[in-house]
Amino acid sequence: MLPNSAHSTAEHAALHPPSDWVTRWSRLIAKDENACVLDVACGPGRHMQWLSQAGHRVTGIDRSPEALASAGRFGEVIDADIESGPWPLPGRQFASVIVTNYLWRPIFPAILASLAPGGLLVYETFAVGNESVGRPARPEFLLKPGELLQLCAGLRVIAYEDGFLDAPARFVQRIVARREPYPATELFRARLGNSV
C-alpha cells in the first residue's frame with residue numbers, strides 16, 4: 001500500500017474527465033461516513049478525484065506506482081497486480097465498486113464479494129465489435145454479448161447498455177447494479193418480525 005501523496009496537484013499530469021457512465025450513476029452511491037468506494041484499476045485517479053469531490057472516501061487499486069502516485073491525492077491507494085497475485089482486499093466491502101476500461105474475468109467474483117449489502121457496482125468496458133474500430137481488439141479483453149448481465153445475475157440491475165458509442169468510437173457494455181441489502185428470505189422474516 002502506498003501512502004497518500006502530499007504533493008500538490010500542480011505536480012501531476014492533468015487527468016482525463018471521468019466516464020459519463022460514472023458521473024451519471026455515482027449519485028446513487030450511499031453517502032455514509034463509514035462507507036468507502038473502490039476504484040479497480042484506478043490508473044492516475046480520474047474517478048477517484050470525481051468521487052472524492054462528491055464527498056466519498058475512496059480506495060484505488062492499480063499495479064502502476066506512477067499512476068498510484070497521482071491517485072494517492074484523492075484517497076487510499078493499493079499497489080497490487082490483481083491479474084497475477086491474490087485479491088488484495090479479502091473480506092473488505094465497499095459502498096460501491098467502480099470499474100472502467102478494464103476486464104480480467106478471474107477477479108469478477110472478488111469484485112462482487114467486495115460489494116457491501118446495498119452496494120452499487122458501476123462497470124463499463126469494451127465489448128465485442130471494438131476490434132472493428134480500435135483497441136483493445138483481442139477477444140480476452142472484450143465482453144461477449146450480454147456477458148455483464150450474466151456476471152451480475154445475483155444483483156439488481158438498475159441500468160445496462162450494450163452497443164456502439166461515438167467520440168471516441170468504441171463498442172462497450174456497461175452496467176449499474178445493486179447488491180440487495182438482504183436476501184429475500186431475510187427481508188421476508190424481518191418484515192414479519194421473525195415469526196416465520
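See above for the structure.
What you see is a predicted model; the values in this text were computed from it and never measured.

A. Geometry of unusual backbone geometry. With an omega of 0°, the peptide bond running from Arg-135 to Pro-136 counts as cis. Looking at the secondary structure, you find Pro-136 in the loop between β5 (115-126) and α5 (147-151). Following Ala-167, the chain continues to Pro-168 via a peptide bond in cis, the omega torsion being -5°. Looking at the secondary structure, you find Pro-168 in the loop between β6 (156-165) and β7 (170-178). Notably, Asn-101 is not glycine yet its phi reads approximately 55°, a positive angle. Overall, Asn-101 belongs to the partly exposed group, its relative accessible area being 42%. Its identity as a non-glycine residue notwithstanding, Ala-167 has a phi of 55°, on the positive side.

B. Summary view of the sheet that holds β5. Pairing is mixed in the open sheet, where 7 strands are placed in the order β3-β2-β1-β4-β5-β7-β6. Each of the sheet's edge strands pairs with one partner strand only, and the pair in question is β3 (76-79) and β6. Each strand of the sheet is rotated relative to its neighbour by a mean of 10°, with strand direction disregarded. Of the strand pairs in this sheet, strand β1 (residues 36-40) and strand β2 (residues 57-62) are connected by 5 bridges, and their pairing is parallel. Bridge assignment links Val-40 to a residue of β2, and that residue is Ile-61. The strands touched by helix α2 (residues 46-53) within the sheet are β1, β2, β3 and β4 (94-100), with β2 carrying the most contacts at an inclination of about 175°.

Rules and cut-offs
Residues numbered from 1 in each chain as written. Predicted model: local features only at pLDDT ≥ 70, side-chain atom pairs only at ≥ 80, totals over all residues. Heavy atoms only, no water. Helix = DSSP H or I, 4+ residues; strand = E, 2+ residues; numbered from the N terminus. Buried < 20%, exposed > 50% of the residue type's maximum accessible area, 1.4 Å probe, protein only. Pairing = 2+ DSSP bridges. Axes fitted to C-alpha atoms, helices over the stretch in contact; angles between N-to-C directions. Contact = heavy atoms within 4.5 Å.

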